[in-house]
Amino acid sequence: MDEEKKMRDIVVPGEEIDIEGKPGRGVFVENGKLYSAYLGIVDTRMGYVNVIPLSGCYMPKKGDRVIGKIVDLAPMNWVVDINAPYYAPLHVNDVPWRVEFGDTGRFLSIGDVILAKVSNVNEMGQVWITLKEQGLRKLEGGHIITISPSKVPRVIGKSGSMIQMLKDHTNCRIYVGQNGTIWISGAPDGIITVIKAIRMIEREAHTYGLTDRVKEFLERGDE
Amino acid sequence: MGMKADFKLIDDNGLRIDGRLPNQLRPLRMEVGVVQRANGSAFVEWGGNKIIAAVYGPREAYPKHIQDPNRAVIRARYNMAAFSVDERKRPGPDRRSVELSKVISEALTSVVFVERFPRTSIDVYIEVLQADAGTRVAGITAASLALADAGIPMRDIIVGCAAGKVDGVVVLDLNKEEDNYGEADVPMAILPRTGEIALLQMDGNMTYEELTNAMDMAIDAAKEIHELQVKALKEKYRGDEHDY
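Note that the structure is predicted; figures quoted are calculated from it, not measured.

(A) A look at the overall build of chain A. What chain A contains, in helices and strands, is 4 helices and 15 strands. Along the first, second and third principal axes, the C-alpha atoms of chain A reach 60 × 50 × 25 Å. Counting across all 223 residues of chain A, residues that qualify as buried make up 48%. A separation of at least 24 residues holds for 60% of the contacts in chain A among residues at least 6 apart in sequence. Roughly 11,000 Å² of accessible area belongs to chain A as shown, and the carbon and sulfur atoms make up 49% of that amount.

Structure below.
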């Protein structure tokens, strides 16, 4: 998504994509022709034709930073909902604290929110996450909103430009999980502005020149 | 099927009881994204049919024994509301809706890339609010819209369409009177891009030629319905007014 000033065409599942290129993500080949697998927008880059879905669930990838919610406790692990088709276990060996057997509830309890990293995914869809890395932690206070995971790159912007702009304008702390969960902390009116801006990004994710429009929105202030 | 009508289903001009031509569809209206809590949803108004479909998932399949380690299981649930028909329908699954749930699940499984979501289930709820013959095909049409809206990868948007035989004439998209007093009803689910058939049932009697004729009619109509589906899906993202 570069600086072209037009809106990409929306394709539907099974729609032929009449663009020369190698099949990338979100497309499939039948009889030498490319077809979209999703309701999404066409994106060509580096010779690959991709379809970026407009909606859909988060599929975990190794190395992703995600925001998850503890949904269950077990003697040796926590069960975390990371907005994927599968729950992710967080083992006591993957946290920076020394946890006694059966004492998991003293560190993280049901409803707590954590910023974690996907440490492994296997072909059966099983996911493991970890807290043992710089910057990963339990998130306290703040506000949580969820967006479609396919729109996360737009919220972050090119090398973090969009998110940096939001932070600078509102003095909020913002964490964006690759799974589409966003944690915002700061002054109440700042949070409200951030949420409005993110909803705007989500709504107009398939258009160009978005960063400028969001900037305009932030400078105009909140009516 | 079976009952004989004491009135004419096809008049002397060859028009049907609601004034349609033999190969004419009833008016159709589709809307996507009508249920806020679902991952994807659609509403279809097809003649007198009013149907809501909602999709949840892919999510971990429970109970665990239904999980398939290689693919997602699609669980469609076709349900008719108690108030959807003239005489109150006893609520809950019955012989008919269990069968329809099964055949709809199988039809949808044939288009979804199920192997991309091992161990999960994709739940499709099809609620018939008002019934006027051809609810299973309208339900399939709504369900595929809801699946696309949920961002589930598919080979094609599946289209449901029925054809049949009334007063000796092969007709498209039967209404309630034609369904009750006609000779045959052939509900089909079609992949419009390739013309493949994902569901074919028949209630009543037809000759081989009549059946082929009916199928051709439904496949042609599927393209028309597919265009409406595409329009409904793109409509959701065209306007920028949304309420969250």
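On we go from here.
(B) Representation of the overall build of chain B. Counting its regular elements, chain B contains 4 helices and 10 strands. Counted from the first residue to the last, chain B has its helices and strands arranged as β-β-β-β-α-β-α-β-β-α-β-β-β-α. Expected size for 244 residues packed as a compact globule is a radius of gyration near 18 Å; at 18 Å, chain B falls within 12% of this value. For the C-alpha atoms alone, the extent of chain B along its principal axes is close to 55 × 45 × 40 Å. Across the 244 residues in chain B, those meeting the buried criterion constitute 54%. Per element, the accessible surface of chain B, about 11,100 Å² overall, is 49% carbon and sulfur. Charged side chains in chain B number 31 positive and 38 negative. The centres of these two groups are separated by 7 Å.

(C) Quick look at the interface of chain B and chain A. Contacts between chain B and chain A engage 29 residues on the former and 29 residues on the latter. Both faces combined, the contact of chain B with chain A buries some 2,500 Å², and carbon together with sulfur accounts for 61% of it. Put simply, chain B and chain A have 2 salt bridges between them. B:Arg193 is the partner of A:Glu30 in a salt bridge, and the nearest nitrogen-oxygen pair spans 3.2 Å. In this assembly, chain B and chain A are joined by 11 residue pairs in polar contact (both at pLDDT 80 or more).

(D) Just the confidence of the model for chain A, in detail. Mean pLDDT over chain A: 87, with 95% of residues reaching 70 or higher. Confidence drops under pLDDT 50 across residues 1-5 of chain A; counting only partners more than four residues distant or on other chains, this segment forms 13 contacts.

(E) Expanded view of the confidence of the model for chain B. Residue and element names in this part refer to chain B. Mean pLDDT over chain B works out to 92, with 96% of the residues at or above the 70 mark. Contacts of residues 240-244 to residues separated by more than four positions or lying in other chains number 7 contacts, the stretch itself having pLDDT below 50. Model confidence for the complex is summarised by a pTM of 0.89, with the ipTM given as 0.86.

(F) Geometry of the domain arrangement of chain A. When its domains are assigned, chain A resolves into domain 1 (2-53), domain 2 (65-139) and domain 3 (143-220). Here the C-alpha centroids of domain 1 of chain A and domain 3 of chain A sit 26 Å apart.

(G) Main features of helix α3 (residues 188-203) of chain A. Residues and elements named next belong to chain A. Across its 16 residues, α3 extends 23 Å between first and last C-alpha, which sits within 8% of the 22 Å expected from 1.5 Å per residue. Every buried residue of α3 is listed here: Gly190, Ile191, Thr193, Val194, Ile195, Ala197, Ile198, Met200, Ile201 and Glu202. Elements in contact with the buried residues of α3: β13 (143-146), α1 (152-156), α2 (161-170), β14 (173-176), β15 (181-185) and α4 (210-220).

(H) Focus on the nonpolar core. Membership of the largest hydrophobic core comes to 100 residues, with the highest contact counts inside it found for A:Leu90, A:Ile114, A:Ile129, B:Val112, B:Ile122, B:Val124 and B:Leu147. The greatest single-element share of this core, amounting to 13 residues, is contributed by helix α4 (residues 208-238) of chain B. Summarising the domain contributions, this core has at least three residues from each of domain 1 (2-53) and domain 2 (65-139) of chain A. Here B:Ile122 is in contact with B:Val55, B:Tyr56, B:Pro58, B:Ala72, B:Val73, B:Ile74, B:Arg75, B:Val112, B:Leu147 and B:Ile152, once residues within four sequence places are set aside. The next biggest cluster of nonpolar side chains, apart from the first, holds 24 residues, and it includes A:Ile195, A:Ala197, A:Ile198 and A:Leu218.

(I) Molecular detail of the sheet that holds strand β2 (residues 40-46) of chain B. Residue and element names in this part refer to chain B. Read across the open sheet, the 5 strands follow the order β1-β2-β3-β5-β4; overall the sheet is mixed. Each edge of the open sheet carries a strand with a single partner, namely β1 (28-32) and β4 (73-80). Across the sheet, the mean angle from the axis of one strand to that of its neighbour is 15°, orientation sign disregarded. Relative to strand β3 (residues 49-60), β2 runs antiparallel, the two sharing 7 bridges. The residue of β3 that forms the bridge with alanine 42 is alanine 53. Helix-sheet contacts for helix α1 (residues 95-109) involve β4 and β5 (120-130), and the interaxial angle to β4 is about 140°. Most of the contacts of helix α2 (residues 135-149) go to β2, to which it runs at about 150°, and overall it touches β1, β2, β3, β4 and β5.

(J) The sheet that holds strand β2 (residues 22-23) of chain A, seen in detail. All names here are of chain A. Ordered in space as β1-β5-β6-β2, the 4 strands form an open sheet in which the pairing is mixed. For this open sheet the edge positions go to β1 (10-11) and β2, each flanked by a neighbour on one side alone. One ladder, built from 6 bridges, connects strand β5 (residues 40-45) with strand β6 (residues 48-53); its direction is antiparallel. Within β6, the position partnered with threonine 44 by the bridge is valine 49.

(K) Representation of the pairing of strand β7 (residues 169-172) of chain B. All names here are of chain B. Bridge count between strand β6 (residues 159-166) and β7: 4 bridges; the pairing is antiparallel. Considered in β7, the bridge of valine 166 is made with valine 169. Once β6 ends, the chain turns through 2 residues before running back antiparallel as β7, passing aspartate 167 with a positive phi of about 50°.

(L) Geometry of the environment of A:Asp43. In this fold, A:Asp43 is placed in strand β5. In terms of polar contacts, A:Asp43 uses its side chain to reach the side chain of A:Arg45, at 3.1 Å.

(M) How the structure looks around the packing of aromatic side chains. Under the defined criterion, the tally for this structure stands at 6 aromatic pairs over all chains. With a centroid separation of 5.3 Å and an interplanar angle of 65°, the aromatic rings of A:Phe28 and B:Phe113 are classed as edge-to-face. Remark: B:Phe113 occurs in the loop between α1 and β5 and A:Phe28 occurs in strand β3 (residues 27-30); the pair is interchain, linking two chains. Assessed through its relative accessible area of 6%, B:Phe113 is described here as buried. Their ring planes at 25° and their centres at 5.5 Å tell us that A:Tyr175 and A:Trp183 sit as a pair that is stacked. Positioned above the aromatic ring of B:Phe113 is the side chain of B:Arg116, whose terminal nitrogen or guanidinium carbon lies 4.5 Å from the ring centre.

What counts as what
- Residues numbered from 1 in each chain as written.
- Chains lettered and ligands numbered in written order.
- Predicted model: local features only at pLDDT ≥ 70, side-chain atom pairs only at ≥ 80, totals over all residues.
- Heavy atoms only, no water.
- Helix = DSSP H or I, 4+ residues; strand = E, 2+ residues; numbered from the N terminus.
- Buried < 20%, exposed > 50% of the residue type's maximum accessible area, 1.4 Å probe, protein only.
- Contact = heavy atoms within 4.5 Å.
- Areas by Shrake-Rupley, 256 points an atom, 1.4 Å probe, with all protein chains shown as cover.
- Rg over C-alpha atoms; globule rule 2.2 N^0.38 Å.
- Lys, Arg positive; Asp, Glu negative; His and termini not counted.
- Charge placed at Lys NZ, Arg CZ, Asp CG, Glu CD.
- Buried area = accessible area lost by both parts, 1.4 Å probe.
- Salt bridge = Lys/Arg side-chain N within 4 Å of Asp/Glu carboxyl O.
- Polar contact = N/O pair within 3.5 Å; in protein donor to acceptor, adjacent residues only side chain to side chain.
- pLDDT = per-residue confidence, 0-100.
- Domains from an automatic or database assignment.
- Expected span 1.5 Å × (residues − 1).
- Core = buried A, V, L, I, M, F, W, Y, C linked by side-chain atoms within 4.5 Å.
- Pairing = 2+ DSSP bridges.
- Axes fitted to C-alpha atoms, helices over the stretch in contact; angles between N-to-C directions.
- Phe/Tyr/Trp six-rings, centres within 6.5 Å; stacked < 30°, edge-to-face > 60°.
- Lys NZ or Arg CZ within 6 Å of the ring centre and 35° of its normal.

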